[in-house]
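# Survey of secondary and tertiary structure
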2 protein chains.
Amino acid sequence: MHSVGKSWLLLSGFILFYVIYLLFGALIFSSIERPMEEKLRHELEVLREEFLNQSCVNAASLDRFLVHVIKASKYGVSALKNSSETSNWDLASSMFFANTLVTTVGYGHTSPLSDAGKAFSIFYALIGVPFTMLVLTACVQRLMYPLVLAPVNLLQHSGLQPRPATFVHFLLLLIVVVLCFFVAPAAVFTVMEVSWTFLDGIYFCFISLCTIGLGDFVPATQPGQKNRALYQVSVMVYLFVGLMMMYLLLRSFHKMADLHGLTTFLQLPRCEESDLDEEREPIVDGDSTPPYPKDKAASKPLDPGSQPSYSTINKS
Amino acid sequence: MHSVGKSWLLLSGFILFYVIYLLFGALIFSSIERPMEEKLRHELEVLREEFLNQSCVNAASLDRFLVHVIKASKYGVSALKNSSETSNWDLASSMFFANTLVTTVGYGHTSPLSDAGKAFSIFYALIGVPFTMLVLTACVQRLMYPLVLAPVNLLQHSGLQPRPATFVHFLLLLIVVVLCFFVAPAAVFTVMEVSWTFLDGIYFCFISLCTIGLGDFVPATQPGQKNRALYQVSVMVYLFVGLMMMYLLLRSFHKMADLHGLTTFLQLPRCEESDLDEEREPIVDGDSTPPYPKDKAASKPLDPGSQPSYSTINKS
């Protein structure tokens, strides 16, 4: 009973820290962004006044027009003269949208206008999200040997102990992933997208491969870009392979964490279920016998088996 | 070697089907949305012409103004007169934004304007996303007994066999989750948000709890809403508890799938690793001994341990 109390205390601590972390984030974001927002708001007001002064239109009719402009812009339709050429729903763009749905990135730079489109989005994601996760898993399973097991083995054969070997391997993999899936693509995006800085590129890669997908930076949405369809398909391939590598990196991190006892360090205490005779299910799924320290075979919160599965939140 | 070939064939099949699924989605989305988009584009052009005709402003200076209007609207800043009162970066709104970052929902209805904000977003999500997953896991661990194990046990004691018991339980849980986390919130949103239909509410709940977060519908963003901060905090709590329930539902699904042999049915063939003597790691993590059929203890692709972990894609 004492252990149960301790377990709930820890959970309360976690939730409290979560709320504090959100508040901390809120304070920082508020202090950084609020002045910027006010500056933008002020600039826009000045522009609006200037525009109203130089034209004979009144504020009310401008507002009536702007309501439509702003609403349309949310659906990716611009009121500008020169940008009405390319559709957001041609085949490549629609495929790009479908891809952001099933990978749960969801930029939202375009979104379905019609009720039928919304209903189909729900249906499409309901099947697509779990299926995408299945394909990603299948790919990662096949990459585990050449990219994780074989290199660690090689490092061990070259004289390293298992612990430093996994650490060195994880570090190398991390560097390779950061270079190939953050730095290099960011450099490419800086060239391809006129208005993006290198930080914008890194920010886009990070926000995308974390599946946050804010959608403030989306490639191939500028009017008049060359080979737009090919560019969109390339970004789709990048997203898919990138997500795969993020998963591989986490698997590799789990291996290292297990070996270094980090898992045990972060371990969540189990709840007692002594009154449950049948179906004595371990609270933590994937209660496995790891290839390394046998004494750590208890509950492993950092193991993929105990983490909320990616598809968890997705499959409904 | 034959089995390896078969395994790669299956993977190729998966990837092919994935591409076909994307193409299928693209075709449907394109056929549904393109006419809607063209209608919107046409309406906007007509409005633009009308506006230009009734004012003495020329097209070029209107475009110069609209560029700023559209850009600002992407950052959640409206050029309309009446909407300049509430900030997107007050404490509650910033907390809401921080929450959409760490849960990877990422609506993107507001996004950081400054480079400092972008850099902080990366840093914040790097710690926040794995931590959120840890808190979610800890909560779900404690809900497994009262909401999954105990009810299944009760159903078994009332005379049901294990298989129908888990099936009935999963169905009941699904109905409860759909009612409490989709239908009821959608009804509340329909009341709270003037412009939302019930389908919009359902669509918002689904897109949010799948962490897609397109951001075309975001609660508490209309100007002049009462108790905005309280409303935003309520939505945050809804998102957190909703994500928890989605995970619980998946865990429950896994239990049922294991028991019904669905896992074996969807099982991915393993790759052969016969040349690896030491560190013979199962390709599928969480290679556990399940409480049910012992013969299914091999690789379990539908087990959370083998699915790409939610935090996989998030932790970088």
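Provided above is the structure to which this section pertains.
Here the structure is a predicted model, which is why all the values come from computation and not from measurement.

### Here's the deal with the overall build of chain A
Helix and strand content of chain A: 8 helices and 0 strands. Along chain A, helices and strands appear, N-terminal first, in the series α-α-α-α-α-α-α-α. The long-range fraction of contacts in chain A, counting pairs at least 24 apart against all pairs at least 6 apart in sequence, stands at 61%. Carbon and sulfur atoms provide 68% of the accessible area of chain A, an area that totals close to 12800 Å².

### Digging into the pattern of salt bridges
Scanning the model with the defined rule gives 14 salt bridges over all chains in all. With its nearest N and O atoms 2.7 Å apart, the salt bridge here joins Asp63(A) to Arg48(A). Of this pair, Asp63(A) sits in helix α2 (residues 59-74) while Arg48(A) sits in helix α1 (residues 2-54), and the two are 15 residues apart along the sequence. For the residue pair Asp63(A) and Arg48(A), the accessibility class agrees, reading buried in each case. Among the ionic contacts, a cluster of salt bridges with common partners joins Asp115(A), Lys118(A) and Asp200(B).

### Thoughts on the relation of the copies chain B and chain A
Mapping chain B onto chain A leaves a residual RMSD of 0.1 Å; the transformation is a rotation of 180° accompanied by 0.0 Å of translation along its axis. Here the transformation between the copies is reduced to the relation of a two-fold axis. When the interface residues of chain B are mapped onto chain A, 99% of them are again interface residues, pointing to one common binding face.

### Focus on the side chain of Ser61(A)
Following the sequence through the fold, Ser61(A) ends up in helix α2. Since its relative accessible area comes to 8%, Ser61(A) is described here as buried.

### Side note on helix α2 (residues 59-74) of chain B
Relative to the 22 Å expected for 16 residues at 1.5 Å per residue, α2(B) spans 22 Å between its end C-alpha atoms, a close match to the ideal helical length. All of the buried residues along α2(B) are Ser61(B), Leu62(B), Asp63(B), Phe65(B), Leu66(B), Val69(B), Ile70(B), Ala72(B) and Ser73(B).

Rules behind the numbers
Residues numbered from 1 in each chain as written. Chains lettered and ligands numbered in written order. Predicted model: local features only at pLDDT ≥ 70, side-chain atom pairs only at ≥ 80, totals over all residues. Heavy atoms only, no water. Helix = DSSP H or I, 4+ residues; strand = E, 2+ residues; numbered from the N terminus. Contact = heavy atoms within 4.5 Å. Areas by Shrake-Rupley, 256 points an atom, 1.4 Å probe, with all protein chains shown as cover. Salt bridge = Lys/Arg side-chain N within 4 Å of Asp/Glu carboxyl O. Buried < 20%, exposed > 50% of the residue type's maximum accessible area, 1.4 Å probe, protein only. Least-squares fit on C-alpha atoms with pLDDT ≥ 70 in both. Expected span 1.5 Å × (residues − 1).

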